[in-house]
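Topology and contacts: notes
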Amino acid sequence: MAIVLAGDIGGTKTILRLAESLLFPDSPIPVGTTLDEETYPSQKYPDLVPMVRQFLARSNPVPAVEKACFGIAGPVVKNASELTNLNWSLSADRLSRELQIDRVELINDFAAIGYGVLGLAPEDVLTLQEAPPDPNGPIAVIGAGTGLGEGFLTPLPGGGYQVFGSEGSHADFAPRSTLEFQLARYLLDRFGLTRVSIERVVSGSGIAAIYQFLREHYPGSESPKMASVYRAWCEESGNPVKSVDLSAQISLFAREKSDNLCEQTMKLFIDAYGAEAGNLALKLLPYGGLFVAGGIVAKNIPLMTDGTFIKAFLAKGRMSQLLTRVPVYLVKNPKVGLIGATLHAGQL
């Protein structure tokens, strides 16, 4: 049994977890017990080290951590990462030395989600499409939040999985209707682009962009309450910290069915989301399962399960029948990345 430290590091908040990890000989996935967990405002700390020291000092005696894994909201190269949103420069070697932890690994936050889907409890997932999972098939993961992440897992000969990240979210957005072609043209012109990536549409910022497109496409359709929200959001444009989250307000009013333009925004968003999940499934044939994660899913389960997502997922012409064999799951647990960092720490 080992004491492990895991972290989910974001520009706004960081969640740290201390756990006991036990790897059974007949299981490649470690199991264990959470000893402590706390959330910290990332911006209030000059570096990860003082935050971790403060967290560990909560325990008496201070635990001897053997291994640590941190999921980073940004690129990780050679076990190091530059977090521009935080002005943090992290390297596993430095963290190991200053925190006196033998093994430290930094992984991309979406790779952490990839590990995390292996440790989800039944109540953490909602089955969107039933199909018998193939234990020898790959697993796909897609998740929209601030941006869009895509990755996959492949089974290893001795058991367990190897996790791979990808840059699939930066592939081209493929319009499928007149309205989506008009959306693509709008995004090209508004942002001065030469191409539109799928992340421009399927992400938190994508929800805001779709709403902007629709309010201009259908003049006079904006409700007074959303006009007020939109005006406040525009006034804060460029501020590093905003009091108005336009995408969150849009999804809230859509869930409440209290604003038609917000409902149409989320329908267009989820339609594009399902189509991209289907594109990923066609490329991987993830008969081990496709997991849809990210903060937007956890907050919008009713919208994700109304049939729009899975209809777009399956709409692949003569290849549609292949995708009916893919189990599709919605991840309800927003801490899936932290779960993955904990599991991977135990495997180091």
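Residues numbered from 1 in each chain as written. Predicted model: local features only at pLDDT ≥ 70, side-chain atom pairs only at ≥ 80, totals over all residues. Heavy atoms only, no water.

As a further point, take the packing of helix H4 (residues 178-191) against helix H8 (residues 260-284). Two quantities define a packed helix pair, namely the angle between the helix axes and the distance between the axes. Running from amino to carboxyl end, H4 crosses H8 at an angle of 95 degrees, the nearest separation of the two axes being 12 Å. Judged by the angle between their axes, H4 and H8 are roughly perpendicular. Every residue of H8 that contacts H4 at Leu 179, Glu 180 and Leu 183 is listed here: Leu 268, Asp 271 and Ala 272. Broken down by class, the residue content of the contact of H4 with H8 amounts to four nonpolar, no polar and two charged. (Axes fitted to C-alpha atoms, helices over the stretch in contact; angles between N-to-C directions. Helix = DSSP H or I, 4+ residues; strand = E, 2+ residues; numbered from the N terminus. Parallel < 35°, antiparallel > 145°, perpendicular 65-115°, else oblique. Contact = heavy atoms within 4.5 Å. Nonpolar A, V, L, I, M, F, W, Y, C, P; charged D, E, K, R; others polar.)

Further remarks concern the UniProt feature "binding site: ATP" (unreviewed entry) in the protein. UniProt tags Gly 7, Asp 8, Ile 9, Gly 10, Gly 11 and Thr 12 as "binding site: ATP" (unreviewed entry). Structurally, the position occupied by Gly 7 is in strand S1 (residues 2-9). Among the residues examined, Gly 7 registers a relative accessible area of 0% and is labelled buried. If we ignore the near neighbours within four places in the chain, the residues touching Gly 7 are Ile 15, Leu 16, Cys 69, Phe 70, Gly 71, Leu 338 and Ala 341. (UniProt positions renumbered as here; feature names shortened; annotations may be inferred. Buried < 20%, exposed > 50% of the residue type's maximum accessible area, 1.4 Å probe, protein only.)

Phe 269, Tyr 273, Leu 290 and Val 292 are the most contacted members of the largest nonpolar core, which has 56 residues in total. Tallying contributions element by element places H8 first for this core, with eleven residues. Once residues within four sequence positions are removed from consideration, Val 292 is found in contact with Ile 142, Tyr 273, Val 297, Met 304, Phe 309, Val 328, Tyr 329, Leu 330 and Val 331. (Core = buried A, V, L, I, M, F, W, Y, C linked by side-chain atoms within 4.5 Å.)

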